[in-house]
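The primary structure of each chain is shown beneath.
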Amino acid sequence: MEETPGMTWTRKHLLGLEGLTREELTTLLDEAARLKPVAAREKPPLKDLAGTIVVNCFFEPSTRTANSFQAAARRMGAEVVSFSPGTSALKKGESLADTVLNLQAIGGDVWVVRHAASGAPALISRTVRGSVINAGDGQHEHPTQGLLDIFTIREKLGRVEGLTVGILGDIRHSRVARSNLWGLKALGARVVLIGPPTLLPPELAATGAEVTGDLDAVLPELDVVNVLRLQLERMQDAFLPSAREYARIWGLNSERLRRAKPGLVVMHPGPTNRGVEITPEAADGPQSVILAQVTNGVAVRMAVLKLTVAAGRSAAAAEASCGGPARG
Amino acid sequence: MGSLLISGGRVIDPAQKLDRVCDLLLKDGLVAAAGQGLTADETFDARGLVVTPGLIDLHVHLREPGLASEETIATGSAAAVAGGFATVLAMPNTDPPVDSATAVSHIYLQAARTDLANVFPTGCVSKGRAGKELAEMAEMDRAGAVAFTDDGDWIVSSRLMRRAFEYARGLGRPILCHCEETDLVSGGTANEGYQSVRLGLGGRSAAAEEIAVYRDLRLAEAAGARVHVCHVSTAGSVELVRSAKRRGLPVTCEVTPHHLTLTDAALEGYDPAFKMNPPLRTAEDCQALIAGLADGTIDAIATDHAPHAPEEKEQEFAAAPSGVVGLETALGVILDRVVGAGGLDLATAVQCLTAGPASVLGLLPRGTLCVGAPADVTVIDPERRWTVDPSAFRSPGKSTPFAGWELKGRAVLTVVGGRVRFRL
């Protein structure tokens with residue numbers, strides 16, 4: 001793209017959406033909107049990241065996010081190296097830091113990190129020279145998912161500010177919920193967190209979000225509902241009595257959609273447990289933007305790669321010109 | 001053995017309610033006299049310095065036997081005296097655990113070989129620290145174990161705990177309890193609250209600690225036994241101990257420097273140097289802990305010095321082992337942040353580092369400077385400014401939440417049994 005957004009983006013890493021300003025979020029979303037025709041293959045790939053090696057470090061299995069980052073990197077002209085723990089030294093007792101340093105020695109400029117441990121990308125960002133992008137860490141954040149959700153809302157409804165967005169389900173264990181919460185709050189949305197009390201930490205009210213167990217009471221107020229996946233192992237940890245009861249009280253179905261605003265936008269970060277948190281009619285109905293979310297993921301990730309790499313390069317250049325070490 | 005005169009220092013000995021400038025004469029391994037115009041073979045000029053009984057740390061993981069990459073009795077003793085501690089209590093969660101008279105004797109033997117600090121062993125409550133059957137506490141008592149504990153874990157079985165209290169009562173020894181209800185804290189790595197939710201870390205709740213404290217206090221009361229609660233970290237635990245003491249029960253407890261001075265807000269950044277059990281709590285808890293020291297509810301300041309090899313500790317937060325070192329930072333942190341910034345009076349702080357812990361273990365007159373007490377003395381420069389540099393630690397464990405802190409106050413001389421074992 002010929003136009004580069006100015007000084008509104010200076011972060012070399014994207015570890016979370018918490019702490020991002022409205023201006024920073026808008027910069028990312030605007031850039032993603034500009035890149036969307038390339039993401040959608042309506043325009044040829046770019047050369048912005050030519051010569052850059054993006055390392056996809058998925059310490060936890062993922063198909064959707066890994067493929068989306070891979071597509072985004074290639075559309076930006078980068079090379080992609082994929083790394084998954086099945087083929088790694090991690091199982092031989094090598095530490096995370098050692099593993100990453102070894103990969104860096106082989107060559108790597110951007111680190112896309114998915115890890116089961118909250119904070120693992122932060123640890124890696126202290127270890128490597130390049131940019132680190134959090135592709136989902138434990139129960140902490142999944143910032144590119146949050147961004148693509150917000151991007152999709154903005155695309156569908158034309159704005160974010162002033163909307164009432166419900167996030168429904170297992171908030172406690174959801175990194176998607178946290179990233180959405182921070183991003184939506186910064187952009188001026190009203191956020192309502194909805195779920196069973198065992199899966200909805202009341203501490204989150206301190207963020208300014210509303211916290212409720214009563215889906216039916218709040219449903220008519222929602223402009224958007226983002227339905228989270230319910231892990232079926234929650235039953236074993238005594239968070240819930242049964243999937244059946246959950247579906248009845250907190251599941252999104254066509255009967256509930258009839259009582260919602262006619263234009264309610266239905267989202268789901270996937271993969272869905274159909275019949276548990278969402279029925280097929282709701283997931284596949286005209287109000288669902290679930291597939292648009294997936295498409296938008298590529299554009300958002302292109303924007304994130306582009307801006308973080310550019311910020312990393314200008315930081316390195318600034319340090320080099322000051323005579324300091326070109327290290328992050 | 002020659003005599004040593006520590007001259008002209010401000011001698012603070014809370015057990016004697018003593019706080020005055022005088023000379024202290026040490027002779028034949030004992031405190032010989034305190035006063036003016038004394039002479040000795042050797043003199044240490046302590047003018048402008050604070051002279052206290054040798055500090056005592058009730059909670060130290062020396063990792064010997066079995067875990068030499070983390071610490072040994074030799075390195076841990078060196079760290080102790082460098083931090084002003086003349087005496088440490090060794091926790092038995094070693095590999096293998098100290099659950100037999102032979103193992104207790106081994107600790108004494110290694111400590112004698114090292115010959116730096118006084119090292120008192122504890123023994124396990126349960127065989128193999130497995131929480132199933134009682135360990136041979138009477139045999140360990142005869143070998144010199146001064147207390148019993150399965151520290152690191154709570155004893156899940158209430159029945160075993162009850163019998164342990166009853167058995168220990170017969171020996172006159174306290175049981176030291178690591179109070180966190182195991183089932184409730186399973187999978188948790190941070191104080192349960194806003195920070196753990198925000199950071200996506202599993203929680204260890206205040207309730208889990210307080211439930212465990214209450215059970216152990218209640219079982220000890222029923223058994224008529226002495227109980228010492230390790231590292232209390234919540235306002236509710238302090239209140240439980242306060243109320244038990246008010247009823248005259250033989251209950252004691254300790255607090256760590258990190259729980260007094262840090263909160264779970266420090267977990268931002270996921271640095272495992274802030275990971276320990278129990279976890280860092282909230283600012284309200286810190287205030288309640290300082291109040292507990294001030295009103296005598298908390299008897300001792302103990303470090304829970306828990307070294308880990310750097311490669312073990314430098315991992316993802318959830319994967320890293322719990323525990324941080326403390327012997328070489330405790331005094332500075334207490335003087336600068338708890339006495340200075342925290343408002344605790346100096347005599348109370350010294351009490352909780354000397355006679356307080358000595359009373360928990362029945363070690364008096366160790367922990368005092370009475371004539372005839374063991375000649376363990378710590379000389380502190382209360383004005384000395386220094387910066388915590390983990391690479392300079394004597395301990396191989398470098399993980400500390402206080403790295404880079406600028407502190408005022410440091411031990412400049414540690415005397416153990418009348419002999420200088422550390423001099424800055």
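See the structure printed just above.
Residues numbered from 1 in each chain as written. Chains lettered and ligands numbered in written order. Predicted model: local features only at pLDDT ≥ 70, side-chain atom pairs only at ≥ 80, totals over all residues. Heavy atoms only, no water.

1. Some words on the overall build of chain A
Scanning chain A from terminus to terminus reveals 11 helices and nine strands. The C-alpha radius of gyration of chain A comes to 20 Å, within 12% of the 20 Å expected for a compact globule of 328 residues. Taken along its principal axes, the extent of the C-alpha atoms in chain A is 60 × 45 × 35 Å. Evaluated residue by residue, chain A yields a buried proportion of 56% over its 328 residues. (Helix = DSSP H or I, 4+ residues; strand = E, 2+ residues; numbered from the N terminus. Rg over C-alpha atoms; globule rule 2.2 N^0.38 Å. Buried < 20%, exposed > 50% of the residue type's maximum accessible area, 1.4 Å probe, protein only.)

2. A closer look at the interface of chain B and chain A
Listed as interface residues are 14 residues of chain B and, on the opposing side, 20 residues of chain A. Buried area between chain B and chain A, summed over both chains or domains, comes out near 1400 Å², and the portion from carbon and sulfur atoms is 59%. A per-residue breakdown of the area chain B buries against chain A is headed by Y194(B), V197(B) and E316(B), which together make up 42% of the total. The tally of links from chain B across to chain A stands at one salt bridge. When the shortest N-O distance is used, the salt bridge between E18(A) and R198(B) registers 2.7 Å. In this assembly, chain B and chain A are joined by six residue pairs in polar contact (both at pLDDT 80 or more). Tallied by class, residues from the side of chain B that touches chain A come to seven nonpolar, four polar and three charged. (Contact = heavy atoms within 4.5 Å. Buried area = accessible area lost by both parts, 1.4 Å probe. Salt bridge = Lys/Arg side-chain N within 4 Å of Asp/Glu carboxyl O. Polar contact = N/O pair within 3.5 Å; in protein donor to acceptor, adjacent residues only side chain to side chain. Nonpolar A, V, L, I, M, F, W, Y, C, P; charged D, E, K, R; others polar.)

3. As for a negative patch on the surface
All names here are of chain B. On the surface, a cluster of negative charge is made up of D271, E311, E312 and E314. The topology assignment puts E312 in helix α11 (residues 310-313). By relative accessible area, which is 37% here, E312 ends up partly exposed. (Patch = residues over 30% accessible without salt bridge, like charges linked within 9 Å, V, L, I, M, F, W, Y side chains within 5 Å. Areas by Shrake-Rupley, 256 points an atom, 1.4 Å probe, with all protein chains shown as cover. Lys, Arg positive; Asp, Glu negative; His and termini not counted. Charge placed at Lys NZ, Arg CZ, Asp CG, Glu CD.)

4. Focus on the pattern of salt bridges
Counted according to the given criterion, the structure contains 41 salt bridges over all chains. Close ionic contact of D30(A) with R154(A) constitutes a salt bridge, the shortest N to O distance being 3.0 Å. Highlighted residues: D30(A) in helix α1 (residues 22-39) and R154(A) in helix α5 (residues 143-157), separated in sequence by 124 residues. Residue classification places D30(A) among the partly exposed positions, given a relative accessible area of 31%. With a closest N to O distance of 2.8 Å, D153(B) and R129(B) form a salt bridge. Here D153(B), found in the loop between β9 (148-149) and α4 (158-171), pairs with R129(B), found in the loop between β8 (118-121) and α3 (137-143); they are 24 residues apart in sequence, far enough to count as distant. Each of the salt bridges in this network shares a partner with another, and the network as a whole consists of E31(A), R34(A), D48(A) and K306(A).

5. Quick look at helix α12 (residues 330-340) of chain B
Burial of α12(B) is extensive: nine of the 11 residues sit out of reach of the surface. Residues of α12(B) that are buried include every one of A330(B), L331(B), G332(B), V333(B), I334(B), L335(B), D336(B), V338(B) and V339(B), and no others.

6. As for unusual backbone geometry
Residue and element names in this part refer to chain B. Of the consecutive residues N277 and P278, the connecting peptide bond is found in the cis state with omega at -10°. Mapped onto the elements, P278 comes out in the loop between α9 (257-261) and α10 (283-294). Even without being a glycine, K17 presents a positive backbone phi close to 50°. Mapping K17 onto the fold places it in the loop between β1 (4-13) and β2 (18-27). The phi angle at R129 is positive, at roughly 55°, despite the residue not being glycine.

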